[in-house]
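# Commentary on secondary and tertiary structure
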Amino acid sequence: MPMAEPWQPGQEVVAVYDFKGTTVEDLPFAKGDVLVITRTTRDINWYKAKNNNGNEGMIPATYVQKRKEVSLHAMPWFHGKINRDNAADLLKQRQDGLFLVRESVNFPGDYTLSVCCDGKVEHYRIIYKNNKLTIDEDSFFDNLPQIVEHYSKDADGLCTKLITPLPRVGGNFFSVSPEEFTQGGWTISLSDLVVGELIGKGEFGDVHKGLYRDKPVAIKKLKDDNRAAQSFLQEASLMTSVRHQNLVSLIGIVQDETIYLVLEFMGKGNLVEYLRSRGRSVITKKNQINFATDTCSAMAYLEDRKLVHRDLAARNVLVNDEGTAKVSDFGLADRIDFNPAHVGGKFPIKWTAPEALRDNKFTSKSDMWSFGILLWEIYSFGRVPYPRIPLADVVMHVERGYRMEAPEGCPPEIYQIMTDAWKKDAKERPTFQTVLHKLHDLQAVTV
Ligand code: ADP
């Protein structure tokens with residue numbers, strides 16, 4: 001039998017069973033605890049590991065499982081929000097079993113499966129109910145790929161089985177399966193959570209303060225709507241694949257009647273409100289350079305991993321009780337080709353680089369543009385960018401070369417970074433790595 005690869009130091013594992021330990025060398029843990037491997041031993045069944053409280057000891061490999069990344073699956077047959085007539089035009093007079101799935105126009109939150117049968121197009125409503133999807137209220141599925149798989153094997157009441165997907169032109173939508181979070185060791189039981197006071201409102205639902213095994217956490221609770229569930233799970237899936245001291249980390253997810261994301265608790269809330277509420281009298285130059293460096297450090301990590309954030313802004317940076325800033329809101333990051341949140345003019349125009357607005361060209365260089373705006377927010381204590389220009393005119397002014405002035409009291413070195421970040425030609429903008437070096441130098445001399 002081939003031997004499994006030994007885990008390397010730094011690997012995160014999750015406890016599958018309780019372990020009480022038998023000697024003082026052992027590190028006791030409870031099911032669901034996350035441990036980090038610190039050393040391999042001569043015995044492949046035992047590792048040295050560290051727990052959340054910093055205690056170290058021996059753990060048996062068979063009591064834990066490796067924490068795995070959750071990945072996204074492309075859904076080439078998913079066409080998003082197109083109406084019945086469009087779907088019919090795409091499918092009619094073509095071969096039997098050609099199909100696509102779209103968002104229901106009449107029943108928001110539901111979907112429609114459109115299939116070609118005998119030259120005509122049939123539409124089946126896919127109902128979202130109790131976190132599951134169903135066509136006939138008899139068979140229930142976790143996600144759209146599962147429905148497609150089922151009806152590809154057997155018509156099961158439809159006019160034909162699904163034979164050929166009609167691919168969407170212009171990029172894929174993605175799906176993520178809830179069960180992969182369980183397989184990857186990310187599932188938390190609701191009974192381990194205490195949901196406390198409301199601390200924020202997000203696009204997909206409320207954010208509460210809470211406790212997970214007596215540790216403070218933030219709990220993002222999802223509204224009952226599958227479209228939101230998918231975006232929500234996509235955000236979570238991305239969070240399973242990144243780890244950095246300046247990225248808000250995912251602790252786990254609860255999949256009960258609704259979905260909860262359990263996140264590291266950031267006690268001082270989002271950076272823009274933090275800056276506004278404290279202002280010039282409280283926030284020091286040191287605080288400002290620290291926020292800038294923290295954020296840049298996370299962005300340099302994302303840049304290195306070829307991940308594009310797309311929505312970097314002070315409102316998406318959170319501050320913890322120690323004053324460390326961390327980037328959050330990965331919902332829009334690059335693995336998702338198309339972001340439903342941006343339909344309907346919700347584009348953060350004032351933060352988005354011209355080429356991204358114009359040609360949908362999102363890169364680390366367009367993130368750098370947004371970082372320039374974020375720096376401006378930090379040094380203006382949370383003002384709204386382009387204060388005197390109406391939103392509708394911002395793009396025109398920027399395209400003609402207008403750039404914001406330095407905020408009052410902003411160090412010239414920082415303003416230089418802003419203007420570099422706002423170069424019209426994306427290639428001329430610096431990398432996050434380069435800016436990080438400059439910020440570190442500046443941080444060292446800022447008191
Ligand atoms: P969305 O991106 O859906 O708009 P956010 O993630 O920005 O939602 O959350 C909304 C608000 O909830 C934030 O502005 C912040 O005040 C609060 N919040 C979100 N995540 C946390 C967290 N991990 N710790 C503390 N507060 C948080």
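Notes on the structure in this doc start here. Source: prediction; values computed, not measured.

This brings us to the site of the ligand. Around the ligand there are 16 residues in total, and Glu203, Lys220, Glu264, Met266 and Asp329 lie nearest to it. Glu264 is positioned with one of its backbone polar atoms (N or O) 2.9 Å from a nitrogen atom of the ligand. Every element with two or more residues in the shell around the ligand is listed here: β14 (193-202), β16 (215-221) and β18 (259-264). The leading source of residues in the shell around the ligand is β14, at four residues. A class-by-class count of the residues in the shell around the ligand yields eight nonpolar, three polar and five charged.

On to unusual backbone geometry. Residues other than glycine seldom take positive phi values, yet Asp156 does so here, at roughly 45 degrees. Position of Asp156 relative to the elements: it lies in the loop between α2 (144-153) and β12 (164-165). Among the residues examined, Asp156 registers a relative accessible area of 31% and is labelled partly exposed. Phi at Arg310 is positive, roughly 75 degrees, even though this residue is not glycine.

This part is about the sheet that holds strand β5 (residues 64-66). One open sheet holds the five strands; their spatial order is β4-β3-β2-β1-β5, and the pairing between them is antiparallel. Whereas interior strands pair on both sides, the edge strands pair on one side only; in this sheet they are β4 (56-60) and β5. Taken over all neighbouring pairs, the strand axes of this sheet differ in orientation by 45 degrees on average, direction set aside.

Our focus in this paragraph is the sheet that holds β16. The strands making up a sheet associate through backbone hydrogen bonding, with each pair oriented either parallel or antiparallel. Reading across from one edge, β14-β15-β16-β18-β17 is the order of the five strands in this open sheet, with antiparallel pairing throughout. The sheet terminates laterally at β14 and β17 (250-255), the two strands that pair on one side only. Strand-to-strand twist of the sheet, defined as the mean angle between neighbouring strand axes without regard to direction, takes the value 25 degrees. Inspection of the sheet shows β17 paired to β18 by five bridges, in the antiparallel sense. Each residue of the ladder has a partner; that of Ile253, found in β18, is Leu261.

Calculation criteria
- Residues numbered from 1 in each chain as written.
- Predicted model: local features only at pLDDT ≥ 70, side-chain atom pairs only at ≥ 80, totals over all residues.
- Heavy atoms only, no water.
- Near = heavy atom within 4 Å.
- Polar contact = N/O pair within 3.5 Å; in protein donor to acceptor, adjacent residues only side chain to side chain.
- Helix = DSSP H or I, 4+ residues; strand = E, 2+ residues; numbered from the N terminus.
- Nonpolar A, V, L, I, M, F, W, Y, C, P; charged D, E, K, R; others polar.
- Buried < 20%, exposed > 50% of the residue type's maximum accessible area, 1.4 Å probe, protein only.
- Pairing = 2+ DSSP bridges.
- Axes fitted to C-alpha atoms, helices over the stretch in contact; angles between N-to-C directions.

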